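In case you want the letters, here they are:
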Amino acid sequence: MPNLATGERVVVTRDAAGTRDLASRLATSARPGDLLCLVGDLGAGKTQFAKGFAVGLGIQDVVSSPTFVLMSEYEGRLPMFHLDLYRLADGADALAGGLLDDRQIEGVALVEWAERLGDALPAARLDVLIDGVGDEQRRITLRACSPDYARYLEALA
Ligand SMILES: Nc1ncnc2c1ncn2[C@@H]1O[C@H](COP(=O)(O)OP(=O)(O)O)[C@@H](O)[C@H]1O
Ligand SMILES: [Mg+2]
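Here is a short report on the structure shown in this document. Starting afresh in each chain, residues are numbered from 1 along the sequence in its written order. Chain letters and ligand numbers both follow the written order, the letters beginning at A and the numbers at 1. Only residues with pLDDT of 70 or above have their local features reported here, since the model is predicted, and side-chain atom pairs are shown and tallied only from 80 upward, although totals for entire chains, interfaces and linings are computed over all residues.

1. Structural notes on helix α1 (residues 16–27)
The first and last C-alpha atoms of α1 sit 17 Å apart over twelve residues, in line with the 16 Å expected at 1.5 Å per residue. All of the buried residues along α1 are Thr19, Arg20, Leu22, Ala23, Leu26 and Ala27. When α1 is viewed along its axis, its buried side chains cluster within an angular range of 160 degrees and face the same direction. If you follow the buried residues of α1, they end up packed against β1 (7–13), α2 (46–56), β7 (138–144) and α4 (150–156). Secondary structure is summarised from DSSP: a helix means a run of H or I of at least four residues, a strand means a run of E of at least two, and numbering begins at the N terminus for each. To estimate how far a helix should reach, multiply one less than its number of residues by 1.5 Å. Working definition of burial: number of other C-beta atoms within 10 Å of the residue's own, with buried at 20 or more, exposed at 12 or fewer, and partly exposed in between, all C-beta atoms being placed from the backbone. Comment: arc refers to directions from the helix axis out to C-beta atoms. Remark: residues whose backbone-derived C-beta atoms lie within 7 Å of one another are considered to be in contact.

2. Details of the site of ligand 1
Defining nearness, a residue is near a molecule or strand when the C-beta atom obtained from its backbone falls within 6 Å of it. Around ligand 1 sit 17 residues in total, of which Ala16, Thr19, Gly45, Lys46 and Thr47 are the nearest. Counting only elements with at least two residues in the shell around ligand 1, the list comes to α1 and α2. Polarity classes work like this: nonpolar for Ala, Val, Leu, Ile, Met, Phe, Trp, Tyr, Cys and Pro, charged for Asp, Glu, Lys and Arg, and polar for all others, with Gly in that last group. Residues of the shell around ligand 1, tallied by class, amount to three nonpolar, nine polar and five charged.

3. Details of the environment of alanine 124
Along the chain, the position of alanine 124 falls in the loop between β5 (108–112) and β6 (126–131). Assessed through the 14 C-beta atoms surrounding it within 10 Å, alanine 124 is described here as partly exposed. In the structure, alanine 124 is positioned 23 residues away from proline 147 in sequence and 8.4 Å away in space, judged by C-alpha atoms. In this structure alanine 124 touches Leu35, Cys145, Ser146 and Asp148, once residues within four positions along its chain are discounted.

4. Considerations on the pairing of β7
With five of seven residues buried, β7 lies mostly within the body of the structure. By the bridge criterion, seven bridges tie β1 to β7 in an arrangement that is antiparallel. Among the inter-strand pairings, valine 11 is bridged to a residue of β7, identified as isoleucine 140. At least two bridges found by DSSP between two strands is the condition for calling them paired. Hairpin connection, β6 to β7: the antiparallel pair is bridged by six residues, and glycine 132 has positive phi, about 125 degrees.

5. Points about the sheet that holds β6
Pairing within the open sheet is mixed, and its seven strands lie in the order β1-β7-β6-β2-β5-β4-β3. Every other strand in the sheet has two partners, leaving β1 and β3 (71–74) as the edge strands with one partner each. Strand-to-strand twist across the sheet, computed as the mean angle between neighbouring axes with direction ignored, equals 15 degrees. Judged from the four bridges that link them, β3 and strand β4 (residues 80–84) form a sheet pairing that is antiparallel. Directly across from glutamate 73, in β4, lies its bridge partner phenylalanine 81. Between N-to-C directions, angles cover 0 to 180 degrees, with each direction set by a line fitted to C-alpha atoms, over the stretch in contact for helices. Where α1 meets the sheet, it contacts β1 and β7, and its direction lies at approximately 145 degrees from that of β1.

6. Re the nonpolar core
Of all hydrophobic cores here, the largest spans 39 residues; its most connected members are Leu38, Phe53, Met80, Leu110, Val111 and Val128. Non-local contacts of valine 128, meaning those with residues more than four positions away in its chain, are made with Leu36, Cys37, Leu38, Val39, Phe49, Ile140 and Leu142. Connectivity within a nonpolar core runs through C-beta atoms within 7 Å, and the core itself is a set of buried Ala, Val, Leu, Ile, Met, Phe, Trp, Tyr and Cys residues.

7. Some words on the packing of α1 against α2
Relative orientation of the contacting elements α1 and α2 amounts to 45 degrees, with a least axis distance of 7 Å. On the basis of the axis angle, α1 is oblique to α2. In this structure, the crossing between α1 and α2 has a hand that is right-handed. The residues of α2 that touch α1, namely those facing Ala16, Thr19, Arg20, Asp21, Leu22, Ala23, Ser24, Arg25, Leu26 and Ala27, are Gln48, Phe49, Lys51, Gly52, Phe53, Val55 and Gly56. Should an angle fall under 35 degrees it is called roughly parallel, over 145 degrees roughly antiparallel, and 65 to 115 degrees roughly perpendicular, with every other angle called oblique. What makes a crossing left-handed is the near helix being turned counterclockwise from the far one by less than a right angle; a clockwise turn instead makes it right-handed.

Take a look at the structure:
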């Protein structure tokens, strides 16, 4: 992932509930227009993170994997846009196809497999790098890629 970090925090979670709880706490820092990139292998817990984030935004609907629809939208304290670029051949297509569009300045976008955007990845974002699969613990690195996103890290302290 490109861009210099302006702050980083590592959190270890031992189960899916731990990851959801972390995400739920982070959601209290969300502001309109925010972009969170969820990066990790298949089964790392990106969708679990999105589920927890939704809880933190007060979203009542059940959040499921958007792999086949590319983007789902939920209404909470802020709208949440949940994207999954796994099936995307080319990052530029996502932008051309309006996957990341002006509507999202109203809410917070969580993007699984965001690294597929390559050079099209916006510089201002919070990276959530999830390391570990299966029964392993997850090492979750939260990386503020611009100073504005440091508020997510500060809120955890
Ligand atoms: N610490 C953990 N954090 C997140 N998920 C975990 C953890 N430990 C086990 N799991 C399990 O790993 C799986 C993660 O699935 P999912 O969130 O769909 O992954 P992804 O969206 O990254 O492909 C779930 O079955 C979940 O129960
Ligand atoms: Mg997923």
